[in-house]
Structures are given as structure tokens and as C-alpha cells.
Amino acid sequence: MLKIKFVLFLIVISIQGYSQDISTQKITWATLRDVKFTKKFNKEYELDFLYPTFGASLQKLEGKFVEIKGYVIPVSQNLYVLSAKPMAACFFCGGSGPESILQLNFTTKNRFKTDQIITVKGKFRLNSDNVDDLNYILDDASLIQFN
């Protein structure tokens, strides 16, 4: 009987740990400011790029599911960027830094308008070396709501 109770206890602990792992943490754009950038020459593109060094608070989010609200910037039919600011003031067009944008890799096809405000969730991934992707990426992204 003691052995059965112990096995049940382990199952409950495992389930609780698993449910905590898949919970979603709300983050803000201020969260993404825990980063420093260093300009380095990229041989492949023969250009200088800003390479990030992520702070401890961001490293703790790696692989976790997060939720964030922002402005949509459609880049192509299948690629969307979420920005802390509308397109006219975002990193691409305005004075914001690369920490103010996030790449969205959706699990389903979506259609958004430029500067539409949405809340999304997904698996947070840091990118420090692939200049073809953004520094912050939400994999398995899904729409929570239009705001």
C-alpha cells in the first residue's frame, strides 16, 4: 500500500511540474530590453550587424511560453513581425532598437493589417547569431485576441 501511495505521489508531482512548464507567462516590451548589442562585421553579407548579448532575465525565458501585445507588421504572406510601436516608429522605419520587434512563427495561417494591435502567445526563442531572423522569435505562435 505504501508503494502505491508513493507511485501516486510521484505521478501527481510529475503532472504538476508538467503543467507549470506549459503555462504562459505575460511579458512586456520592457522585459525585452535586457540586452546589449555589439556591432560586428558579417562575412557572408559583407555588412556590419548588431549582435545581441542577452541578459539573465531573457535567458530564463528561453523555451518558455510567453504572451505579449503589440503592433503587427506584415513582412510577407507568411511572415509577421510584432512591434512595440506602430510601423512609422518601429525599428525598421523609426528610432526604436532591435529589441522592440519580435518574429512571429504562427502554427496556422493568419491575415493581419499593418499596425493592427494583437496579443499573441508562443514559445520564446533567443537568436544571437542568425542574421536572417530577428533576435526574438515566438515559435508555435497563436493569436489570443485582437485588441
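Residues numbered from 1 in each chain as written. Predicted model: local features only at pLDDT ≥ 70, side-chain atom pairs only at ≥ 80, totals over all residues. Heavy atoms only, no water.

J.: Whenever I open this one, the overall build of the protein chain confuses me. Can you help?
T.: Within the protein chain one finds two helices and eight strands. Secondary structure elements of the protein chain occur, N-terminal to C-terminal, as α-β-β-β-α-β-β-β-β-β. Across the 147 residues that make up the protein chain, the buried fraction comes to 31%. Carbon and sulfur atoms provide 55% of the accessible area of the protein chain, an area that totals close to 9,600 Å². (Helix = DSSP H or I, 4+ residues; strand = E, 2+ residues; numbered from the N terminus. Buried < 20%, exposed > 50% of the residue type's maximum accessible area, 1.4 Å probe, protein only. Areas by Shrake-Rupley, 256 points an atom, 1.4 Å probe, with all protein chains shown as cover.)

J.: What should I look at first to understand the side chain of Ser100 in this one?
T.: On the secondary structure map, Ser100 appears in the loop between strand 5 (80–83) and strand 6 (101–106). Using a relative accessible area of 8% as the deciding quantity, one classes Ser100 as buried. The residues touching Ser100, leaving out its near neighbours within four places in the chain, are Trp29, Leu82, Ser83, Ala84 and Phe91. (Contact = heavy atoms within 4.5 Å.)

J.: Would you take a moment to explain the pairing of strand 5 for this structure?
T.: Taken residue by residue, a regular strand's side chains alternate between the two faces of the sheet. Side chains Tyr80 and Leu82 project from strand 5 onto one buried face, and the interleaved Val81 and Ser83 project onto a second face that is buried too. Pairing geometry for strand 4 (residues 65–74) and strand 5, over four bridges, is antiparallel. Opposite Val72, over in strand 5, you have Leu82 as the bridge partner. Counting the residues between successive antiparallel strands, the hairpin from strand 4 to strand 5 contains five residues. In the sheet, strand 5 pairs with strand 6 via four bridges, with the strands oriented antiparallel. Bridge pairing links Ser83 to Ile101 in strand 6. (Pairing = 2+ DSSP bridges.)

J.: Could you clarify how one ought to interpret the pattern of salt bridges in this entry?
T.: Between side chains of opposite charge, a pair can form when the charged atoms approach closely. Taken as a whole and judged by the stated rule, the model has two salt bridges. For Lys26, the salt bridge is made with Glu67, and the minimal N-O distance between the two is 4.0 Å. On the criterion of sequence distance, the pair formed by Lys26 in strand 1 (residues 24–26) and Glu67 in strand 4 is long-range, its members being 41 residues apart. On the basis of relative accessibility, which here comes to 18%, the residue Glu67 falls in the buried class. Its salt-bridge partner being Arg125, residue Asp139 comes within 2.6 Å of it at the nearest N-O pair. Of this pair, Asp139 sits in strand 8 (residues 136–146) while Arg125 sits in strand 7 (residues 117–126), and the two are 14 residues apart along the sequence. Taking the relative accessible area as the measure of exposure, Arg125 reaches 30% and is therefore partly exposed. (Salt bridge = Lys/Arg side-chain N within 4 Å of Asp/Glu carboxyl O.)

J.: Would you mind going over the environment of Ser142 with me for this structure?
T.: Mapped onto the elements of the fold, Ser142 is located in strand 8. Assessed through its relative accessible area of 24%, Ser142 is described here as partly exposed. Taking C-alpha positions, Ser142 is 6.4 Å from Gly122, a pair spaced 20 residues apart along the chain. The residues touching Ser142, leaving out its near neighbours within four places in the chain, are Phe106, Thr119, Val120 and Lys121.

J.: What is the right way to look at the environment of Ile117 in this model?
T.: Within the element layout of this structure, Ile117 appears in strand 7. Note on Ile117: relative accessible area 28%, which makes it partly exposed. Beyond its immediate chain neighbours, meaning those up to four positions away, Ile117 contacts Lys69, Gly70, Tyr71, Phe146 and Asn147.

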